[in-house]
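# Chains, contacts and geometry: an overview
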Amino acid sequence: MEQQKTLMEVYNKASYPLIGQRKRNMQVLKEVFEQVDGDLDSDIYGEGTVIDDFQERMASMVGKESAIFFPSGTMAQQIALRIWSDEVGKKKVAYHPFCHLELHEQDALKELHHLEPILLADSTRPVLLQDLLDLKDDVACVLLELPQREIGGQLPEYEELEKMSALCRERGIKLHMDGARLFEVLPYYRKSAVEVCALFDSVYISVYKGIGGIAGAVLIGDRGFTEKSKVWKQRHGGNLIGLYPYIVPADYYMTENLPKMEQFYKEAVELASYYNNCHSLKTLPEVPVSNMFHVHSELKKEELEAIVIRITEETGVGLSHIIRNRAEDGCFFEVAIGDRYSAAPRDAVAEAFCLLDESLRG
Ligand SMILES: Cc1ncc(COP(=O)(O)O)c(C=O)c1O
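Residues numbered from 1 in each chain as written. Predicted model: local features only at pLDDT ≥ 70, side-chain atom pairs only at ≥ 80, totals over all residues.

## With respect to the overall build of the protein chain
When helices and strands are tallied, the protein chain shows 16 helices and 13 strands. For 362 residues, the compact-globule estimate of 2.2 N^0.38 gives 21 Å, and the protein chain sits close to it at 21 Å. Along the longest, intermediate and shortest principal axes, the C-alpha atoms of the protein chain span 60 × 55 × 40 Å. The burial tally for the protein chain puts 46% of its 362 residues in the buried class. Pairs at least 24 residues apart make up 76% of the contacts formed inside the protein chain by residues separated by at least 6 positions. (Helix = DSSP H or I, 4+ residues; strand = E, 2+ residues; numbered from the N terminus. Rg over C-alpha atoms; globule rule 2.2 N^0.38 Å. Buried ≥ 20, exposed ≤ 12 C-beta atoms within 10 Å, placed from the backbone. Contact = placed C-beta atoms within 7 Å.)

Laid out in structure tokens, this is it:
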């Protein structure tokens, strides 16, 4: 008997996958290094032109004094919170219950740094001013994730952000941004990276999400902060002898992809409306505020998977590669727009959504 193909297998073979940037294969790296002079020196343990130039570019793009490249955002953010905790002299830090540190880092903040996270807000919405006003604990730092990925990429309104920043300054609380997808939210805010980052004491940005690099992150702030982060990077084993295989692609793809953020945001709004026009599906947020959103269904995960697999096989349009169970009944999947969406022919996309609606009604 022929074995059922998994959603991931079908998606990976789809002619028109709608989610994400290009395929993560060796070509991503080859394309970059074809353009690079082979005599260019590697960075060595965090020093050298390749790393210095990139760090300066990032710092000046967001209007801060200094930036340091890290192999991962996980490492960078734990370090940021540790530095602020030591500086303020308090062990507590506050953040959203669904932020990356709470869900995906195996309690590293507690295990490695003995910090005590205080969870802000109910998990269905982003952190708001009232959550900070209600905060009873004396915290060193508040971390805000923009956009809040695990709830579909929701954002506080910009005025709310300004008020939260002002309150933190007034109360001597450091404000750190998980800006893994910072550039992806700028078109909605209609603000520059400099304006948004001015509200924060420190900022982390991923170089492999919208920017499209291989892996890595930058931690940005004033020089005193980043100098301390270099010491912690070494303590964490993150000061690799050469980080250029990550830095050179980040630099290259950033130039290529940053100008497309407005387009990705508009396409996310368009694609979300396709989903919302389908029987029984809802996106979160209903109208996206970045290049991402979640699609929610009351169906069982296996039922929706079977429908999506069939549509992908019939039309070539890949809607999702992974569908997850919700805590309550039903299921959802994440959509993040990159180059692939605009490459899909419009008639194939329209046909796929027609079939999706029909199948859901059936
Ligand atoms: C919002 C957010 N913060 C932090 C991280 C951690 O980044 P890294 O994979 O570089 O450790 C991620 C990764 O997915 C993320 O989505």
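## Let's talk about the pairing of strand β6 (residues 174-178)
Burial within β6 is extensive, with five of its five residues counted as buried. Of the two faces of β6, both are covered, the one formed by K174, H176 and D178 as well as the one formed by L175 and M177. Note that strand β5 (residues 141-145) and β6 share five bridges and pair parallel. Note on β6: the bridge partner recorded for V142 is L175. Handedness of the β5-helix α8 (residues 158-170)-β6 crossover: right-handed. Both β6 and strand β7 (residues 202-206) contribute to a ladder of three bridges, which runs parallel. For D178, the partnering residue across the bridge sits in β7 and is Y204. (Pairing = 2+ DSSP bridges. Right-handed = clockwise from strand over helix to strand, strands pointing away.)

## Concerning the nonpolar core
Formed by 109 residues in total, the largest nonpolar core has its most connected members in V142, V218, L219 and I247. When residues in this core are grouped by element, the largest group, eight residues, is from helix α13 (residues 261-276). Looking at which domains feed residues into this core, each of domain 1 (7-23 + 260-361) and domain 2 (43-241) gives three or more. (Core = buried A, V, L, I, M, F, W, Y, C linked by C-beta atoms within 7 Å. Domains from an automatic or database assignment.)

## Some details on the environment of C331
Here C331 shows up in strand β13 (residues 331-336). By the C-beta count within 10 Å, which is 19 here, C331 ends up partly exposed. Sequence-wise, C331 and L299 are 32 residues apart; in three dimensions their C-alpha atoms are separated by 6.6 Å.

## Some points on helix α9 (residues 182-189)
For α9, a buried count of six out of eight residues is recorded, marking the element as mostly surrounded by other parts of the structure. All buried positions along α9 are accounted for by L182, F183, E184, V185, L186 and Y188. In this structure, the buried side of α9 is in contact with α10 (193-197), β7 and α13.

## Some details on the environment of E31
Looking at the element boundaries, E31 is found in helix α2 (residues 26-34). Owing to 14 C-beta atoms within 10 Å, E31 belongs among the partly exposed residues under this scheme. The spatial distance from the C-alpha of E31 to the C-alpha of V127 is 40 Å, given a sequence separation of 96 residues.

## Remarks on the sheet that holds β13
With respect to topology, four strands assemble into an open sheet ordered β9-β10-β13-β12, the strand pairing being antiparallel. Bordering the open sheet on either side are β9 (281-284) and β12 (324-325), each of which pairs with just one other strand. Where strand β10 (residues 292-297) lies against β13, six bridges are found, and the strand directions are antiparallel. Its bridge partner lying in β13, M292 is registered against A336.

## Focus: the domain arrangement of the protein chain
Assigned domains of the protein chain: these are domain 1 (7-23 + 260-361) and domain 2 (43-241). Contact with domain 1, which involves 14 residues of that partner, is made by 15 residues of domain 2. Among the secondary structure elements, those contributing two or more residues to the side of domain 1 that touches domain 2 are α13 and β10. Considering each element in turn, the side of domain 1 that touches domain 2 owes the most residues, four residues, to α13.

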